[in-house]
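Breakdown of the fold
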Amino acid sequence: MAGAAQQRQGWRYRANVAARVVAGTIGAYAVAALAAAALARVLPMPRVEAIIPATLLALLIGPAVTIWAFLARGPWRAWAGIVLVGVILAAIAWATGAPA
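The structure reproduced in this document is the subject of the present report. (Residues numbered from 1 in each chain as written. Predicted model: local features only at pLDDT ≥ 70, side-chain atom pairs only at ≥ 80, totals over all residues. Heavy atoms only, no water.)

1. Some details on the overall build of the protein
- Counting secondary structure elements, the protein contains four helices and zero strands.
- Walking the protein from its N terminus toward its C terminus, one meets helices and strands in the order α-α-α-α.
- Taking all 100 residues of the protein together, the buried fraction comes to 26%.
- Contacts in the protein between residues far apart in sequence, at least 24 positions, make up 69% of those at least 6 positions apart. (Helix = DSSP H or I, 4+ residues; strand = E, 2+ residues; numbered from the N terminus. Buried < 20%, exposed > 50% of the residue type's maximum accessible area, 1.4 Å probe, protein only. Contact = heavy atoms within 4.5 Å.)

2. Section: a nonpolar patch on the surface
- On the surface, a cluster of nonpolar side chains totalling about 330 Å² of accessible area is made up of Tyr13, Val17, Val21 and Phe70.
- The element best represented in the nonpolar patch is helix H2 (residues 11-42), accounting for three residues.
- Relative to the helices and strands, valine 17 is located in helix H2. (Patch = residues over 30% accessible without salt bridge, like charges linked within 9 Å, V, L, I, M, F, W, Y side chains within 5 Å. Areas by Shrake-Rupley, 256 points an atom, 1.4 Å probe, with all protein chains shown as cover. Salt bridge = Lys/Arg side-chain N within 4 Å of Asp/Glu carboxyl O.)

3. Thoughts on the environment of alanine 80
- For alanine 80, the location among the structural elements is in helix H4 (residues 75-95).
- A C-alpha to C-alpha distance of 9.9 Å links alanine 80 and alanine 23, two positions 57 residues apart in sequence.

4. Comments concerning the nonpolar core
- One finds Ala23, Ala28, Val31, Ala35, Ala38, Val65, Ala69, Ala72, Ala78, Ile82, Leu89 and Ala93 forming the largest nonpolar core, which totals 12 residues.
- Per-element accounting of this core gives the leading share, five residues, to H2.
- Dropping the residues within four chain positions of it, isoleucine 82 is found in contact with Ala23, Gly27, Val31, Val65, Trp68 and Ala69. (Core = buried A, V, L, I, M, F, W, Y, C linked by side-chain atoms within 4.5 Å.)

5. Focus: the environment of isoleucine 92
- Examined against the element boundaries, isoleucine 92 turns out to sit in helix H4.
- Separated by 57 residues in sequence, isoleucine 92 and alanine 35 place their C-alpha atoms 9.2 Å apart.
- Setting aside its immediate chain neighbours within four residues, isoleucine 92 contacts Ala38 and Val42.

6. Observations concerning helix H3 (residues 47-71)
- Between its first and last C-alpha, H3 extends 34 Å over 25 residues, near the 36 Å set by a 1.5 Å rise per residue.
- Looking at H3, one finds that the buried residues are Ala50, Ala54, Ala58, Gly62, Val65 and Ala69.
- Contact partners of the buried residues in H3: H2 and H4. (Expected span 1.5 Å × (residues − 1).)

7. Considerations on the packing of H2 against H3
- Running from N to C, H2 and H3 cross one another at 155°; their axes reach a closest spacing of 7 Å. It follows from the interaxial angle that H2 and H3 lie roughly antiparallel. Between H2 and H3 lies a crossing of right-handed hand.
- For the contact of H2 with H3, the class distribution of residues is 19 nonpolar, five polar and three charged. (Axes fitted to C-alpha atoms, helices over the stretch in contact; angles between N-to-C directions. Parallel < 35°, antiparallel > 145°, perpendicular 65-115°, else oblique. Left-handed = near helix turned anticlockwise from the far one by under 90°. Nonpolar A, V, L, I, M, F, W, Y, C, P; charged D, E, K, R; others polar.)

Next comes the structure, spelled out in structure tokens:
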């Protein structure tokens, strides 16, 4: 039992947790903001009216990204997934036009 507790005190474990915390906070904020921007442009209603449902959906996406950061096999996979989703959402927002 002391071996497992000693292993959790190492710098690798702490770096792993720190990378996931940063991915779960900064990455989740970025993905949620990009999701709100993309959804506001894609929803089939005027953009002024689409902002509220897009923001409400983005508020659900943020915690999901944070959960993903801690469920991924490793911090590199967590970051890769977050960056991939962010790039896809940014491409959708960019391709659908300029903000109103």
